[in-house]
Amino acid sequence: MKRIALAMLLSLALFVTTASAQFGFGGIVYDPTNYHNALLRYLQLQQQLIQLRNSYVQLVAQYNLAMQMARNIQNMPARYRAQFSNWRSTFAPNTYGNTAGWVNGINFGQSGTVNTGYRQATTELLPYNPSFLSGMTPEELRRVKSQYATVELSDGANATAIASIGSIRGNAQGLESRIANLEQDSLSSDPNLNTEVSVLNKINAASVLTLRTVQDSNKLLASLLEQQTIIAKQQRESTANAINAEIARRAALAGNLAQVTGTLTNSLQNFRMP
């Protein structure tokens, strides 16, 4: 800055003393205007040099920051990799040949296997004889149909739950492989796997896997809610049947009392001493 100020003062002094004249020493002719322009050009070059130095310092700082941000954590697998429990498949003895279908269905989730295995492992629900149904009162018929529907709904909910569990278990091996690949890529020190695009891709893949896992959890929760709804229906039926039985008992008791009272009144009125 001192050089710039000195040059400006010198240029101004020359411009004042020799405003429009030319002078020379020893045959050399000096042009004050050209000399003034040369000083101005020199000042501009000085400013450009200062700006270039500032830009260089800024670029070096940005480069150092980029290098610092791109530095990987050393030995990430040893620092962060952990072991988790593996999926376990259901196993049960097949002494009488009626549990293998259930086990295969709950391990792999194939619909045909699930339905067949469930029927083999449960007691068959027999239908009522139509003649028996025709002989029931309307109240008894409604109660029988409601209880029958409860068992059928329970069978459907149980089969759906078995299929959901089997589907999740059947896909567990492939899902574990994808998670292992994502873990290996995340802990890798390979520069090609740690670029900005690669990191974003790994984040997206982790988000998709999380969504899939949440979806499987929702399926299990829906199956549990369905079973709880059927259990609530069964409890409601038991309570409703008990209330209806109490109402019928009281109605029958009132009728019997009225009949006994009427008979006793008639007997007393018609009673004669011998």
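The paragraphs below set out a description of the structure included in this document. Since this is a predicted model, take the numbers as computed values, not measurements. (Residues numbered from 1 in each chain as written. Predicted model: local features only at pLDDT ≥ 70, side-chain atom pairs only at ≥ 80, totals over all residues. Heavy atoms only, no water.)

### Some points on the overall build of the protein
Okay, step 1: Of the regular secondary structure elements, the protein holds 8 helices and 2 strands.
Okay, step 2: Reading the protein from its N terminus to its C terminus gives the helix and strand order α-β-β-α-α-α-α-α-α-α.
Okay, step 3: The proportion of buried residues among the 274 residues of the protein is 14%.
Okay, step 4: Within the protein, contacts between residues separated by at least 24 positions form 60% of all contacts whose residues are at least 6 apart in sequence.
Okay, step 5: Of the roughly 21500 Å² of accessible surface on the protein, a fraction of 60% belongs to carbon and sulfur atoms. (Helix = DSSP H or I, 4+ residues; strand = E, 2+ residues; numbered from the N terminus. Buried < 20%, exposed > 50% of the residue type's maximum accessible area, 1.4 Å probe, protein only. Contact = heavy atoms within 4.5 Å. Areas by Shrake-Rupley, 256 points an atom, 1.4 Å probe, with all protein chains shown as cover.)

### Regarding the nonpolar core
Okay, step 1: Core analysis: the biggest nonpolar cluster contains 5 residues, these being Ile106, Val114, Tyr118, Ala159 and Ile162.
Okay, step 2: Elements that contribute at least two residues to this core include exactly helix H5 (111-121) and helix H7 (138-187).
Okay, step 3: In this structure Tyr118 touches Trp102, Ser154, Asp155, Asn158 and Ile162, once residues within four positions along its chain are discounted. (Core = buried A, V, L, I, M, F, W, Y, C linked by side-chain atoms within 4.5 Å.)

### As for the packing of aromatic side chains
For any two aromatic rings, the description comes down to two numbers: the centre-to-centre distance and the angle of the planes.
Okay, step 1: Under the defined criterion, the tally for this structure stands at 2 aromatic pairs.
Okay, step 2: An angle of 25 degrees between the planes, with centres 5.6 Å apart, marks the rings of Trp102 and Tyr118 as stacked. Taken together, the residues Trp102 in helix H4 (residues 100-108) and Tyr118 in helix H5 connect sequence positions 16 residues apart.
Okay, step 3: Judged by centre distance (6.4 Å) and plane angle (50 degrees), the ring pair of Tyr128 and Tyr148 falls under tilted. Note that Tyr128 is positioned in the loop between H5 and helix H6 (130-134) and Tyr148 in helix H7, a separation of 20 residues in sequence. (Phe/Tyr/Trp six-rings, centres within 6.5 Å; stacked < 30°, edge-to-face > 60°.)

### Observations concerning the side chain of Glu237
Okay, step 1: Within the secondary structure, Glu237 sits in helix H8 (residues 196-269).
Okay, step 2: Residue Glu237 is classed as buried on the basis of its relative accessible area of 8%.
Okay, step 3: If we ignore the near neighbours within four places in the chain, the residues touching Glu237 are Ser146, Gln147 and Thr150.

### Details of the packing of H4 against H7
Okay, step 1: The contact between H4 and H7 brings their axes to 4 Å, and the two run at 60 degrees. Between H4 and H7, the interaxial angle falls into the category oblique. Together, Trp102, Gly105, Ile106, Asn107 and Phe108 of H4 and Ile162, Ile165, Gly166, Ser167, Arg169 and Gly170 of H7 make up the contact between the two elements. (Axes fitted to C-alpha atoms, helices over the stretch in contact; angles between N-to-C directions. Parallel < 35°, antiparallel > 145°, perpendicular 65-115°, else oblique.)

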